[in-house]
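Descriptive structure summary
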Amino acid sequence: MNIHEHQAKEVLKSFGAPVAKGVAITSLDQAKAAIDQLPGPLWVVKSQIHAGGRGKGKFVEKEAGEKGGVRLGFSKEQAYEHVKAMLGHHLVTAQTGAGGKQVNRIYIEDGADIEKELYLSMLVDRGTGHVAFMVSTEGGMDIEQVAHDTPEKIMTLGIDPVKGVTDADSKKIADALKLSGAAAADMLTLAPTLYKAFTQKDMSMLEVNPLIVMKDGHLRVLDAKVSFDDNALAIKGRHDDIIALRDTTEEDEKEIAAKEWDLAYIPLDGTIGCMVN
Ligand code: ADP
Ligand code: MG
């Protein structure tokens, strides 16, 4: 199961990870009050869809304008205009397919002063059965290109499930990201915090792209994409809080039906799908 960026950040924040203040809205009437809750001077207006690549995405409808699904508002008025332009329209990204996904929800977030954008993700390495961190100094919107052209710029570190994340592991991650000062110190708590969130919530994937070093030298989780292990969610009472975050409007009708029957099914384009049981 996937969740929205703002929900993922809420989950990570509950474990103590550094995220910005933000407000999620589902209608234009909520926009002004949401914008007023944030201090400015930068309001980042972010389309919430279950797909990445929003920043570089394009809207189907002309009235949504030329900019992507993540827009910077340098005044409250501009932030409001961005909400108005994006809400209800269809955003096409490298991960949505040609029709795009309708933006039914917008996250308005406090803008960060970015010094550097880094990449950090976690997944279950099926080869070793360990949770692994993957990190790169080349974070931001071109990570797929980096993975394709210069995979050596991505460092993978498996975590011993008995020991968990040790200080030595955190230091390896900080070194691979070329962190120093406050950011390197932050990683000593951030890596174990993310590991705890990942394992306690039975995530199957956590991608923070970008993880940023701010102008003040500290780290912040600026984007968060999380998937949970459906087998863990199927255990009654184990993750009721996570199940409550499910947004079926983001899911394919065929997939929802398959889930009701407990089938592992992945719809593909057209009239075919993949079912493995
Ligand atoms: P996506 O990965 O779907 O394109 P991101 O959340 O990564 O969406 O946002 C795209 C880019 O927008 C980021 O790489 C960053 O440069 C910028 N951005 C996102 N959130 C903020 C923020 N709160 N403050 C400043 N810049 C941001
Ligand atoms: Mg991103």
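Details of the structure are given in the entry above.
Here's what I pulled together on the structure shown here. (Residues numbered from 1 in each chain as written. Chains lettered and ligands numbered in written order. Predicted model: local features only at pLDDT ≥ 70, side-chain atom pairs only at ≥ 80, totals over all residues. Heavy atoms only, no water.)

Once that is clear, we can look at the pairing of strand β8 (residues 114-125). With 8 bridges connecting them, β8 and strand β11 (residues 203-214) associate as antiparallel partners. Across the sheet, the residue bridging to L118 is L211, located in β11. Here β8 pairs with strand β9 (residues 130-136) via 7 bridges, running antiparallel. What sits directly across from V124, in β9, is V131. Where β8 folds back on β9, the antiparallel hairpin that results is connected by 4 residues, among which G129 adopts a positive phi of roughly 75°. (Pairing = 2+ DSSP bridges. Helix = DSSP H or I, 4+ residues; strand = E, 2+ residues; numbered from the N terminus.)

What follows is about the nonpolar core. With 41 residues, the main nonpolar core has M187 and L211 as its most contacted residues. Secondary-structure elements contributing two or more residues to this core are α1 (5-14), β8, β9, α5 (167-176), α6 (181-200), β11, β12 (219-221) and β13 (225-228). Counting residues per element, this core draws most heavily on α6, which supplies 8 residues. Once you skip the residues sitting within four places of it in the chain, M187 turns out to touch L120, S170, I173, A174, L177, L179, P192, L211 and L219. By size, the runner-up hydrophobic cluster in this structure holds 21 residues, among which are A34, V45, L91 and I108. (Core = buried A, V, L, I, M, F, W, Y, C linked by side-chain atoms within 4.5 Å. Buried < 20%, exposed > 50% of the residue type's maximum accessible area, 1.4 Å probe, protein only. Contact = heavy atoms within 4.5 Å.)

Right, let's talk about the layout of surface pockets for a bit. Taking a probe equal in size to a water molecule and rolling it over the atoms shows the remaining empty space. Approximately 220 Å³ is the volume attributed to the second largest pocket. Considering the residues around the second largest pocket, the lining is formed by M1, L123, V124, R126, S204, F228, D229, D230 and N231. Mapped onto the lining of the second largest pocket, the elements with two or more residues apiece are β8 and α7 (230-233). Its residues assigned to classes, the lining of the second largest pocket shows 4 nonpolar, 2 polar and 3 charged. (1 Å grid on protein atoms, 1.4 Å probe; cavity = no way out; pocket = protein on both sides within 12 Å on 5 of 7 lines; lining within 4 Å. Points joined across faces, edges and corners; volume = space filled by probe spheres on them. Nonpolar A, V, L, I, M, F, W, Y, C, P; charged D, E, K, R; others polar.)

What follows covers the environment of V146. Within the fold, V146 resides in helix α4 (residues 143-149). Residue V146 is classed as buried on the basis of its relative accessible area of 12%. With 120 residues separating them in the primary sequence, V146 and T26 have C-alpha atoms 34 Å apart. Apart from the residues lying within four places of it in its own chain, the contact partners of V146 are S136, E138, P151, K153 and I154.

With that settled, consider the coordination of the magnesium ion (ligand 2). Six octahedral donors around a metal ideally subtend angles of 90 or 180 degrees, whereas four tetrahedral donors ideally subtend 109.5 degrees. At the metal site, the magnesium ion (ligand 2) is ligated by N209 (O) and D223 (OD), and these contacts range over 2.1 Å. Taken together, the residues span a long stretch of sequence, with N209 in strand β11 and D223 in the loop between β12 and β13 at a distance of 14 residues. Looking at D223, the relative accessible area reads 18%, which means it is buried. (Donors = N, O, S within 2.8 Å, 3.2 Å for Na, K, Ca; no water.)

The full set close to ligand 1 counts 18 residues, and K46, R54, G55, E109 and E117 are the nearest of them. Here an oxygen atom of ligand 1 and a backbone polar atom of G55 are 2.7 Å apart. One of the backbone nitrogen or oxygen atoms of A112 is found 2.9 Å away from a nitrogen atom of ligand 1. Surface burial for ligand 1 is 90%, taken as the share of its 540 Å² of free accessible area covered by protein chains. Those elements giving two or more residues to the shell around ligand 1 turn out to be β2 (43-47), β7 (106-110), β8 and β11. (Near = heavy atom within 4 Å. Polar contact = N/O pair within 3.5 Å; in protein donor to acceptor, adjacent residues only side chain to side chain. Areas by Shrake-Rupley, 256 points an atom, 1.4 Å probe, with all protein chains shown as cover.)

Let us look at the pairing of β9. Here β9 lies mainly inside the structure; 5 of its 7 residues are buried. Summarising the sheet, β9 and strand β10 (residues 155-158) pair through 4 bridges and their orientation is antiparallel. Bridging across to β10, F133 finds its partner in L157.

Mapped onto the elements, S136 comes out in strand β9. Polar contacts involving the side chain of S136 include one to the main-chain amide nitrogen of E138, which spans 3.0 Å. Reaching out from S136, the side chain makes a polar contact with the backbone oxygen of K153 at a distance of 2.8 Å. Other than its neighbours up to four places away in sequence, S136 contacts L118, Y119, I143, V146, K153, I154 and L177.

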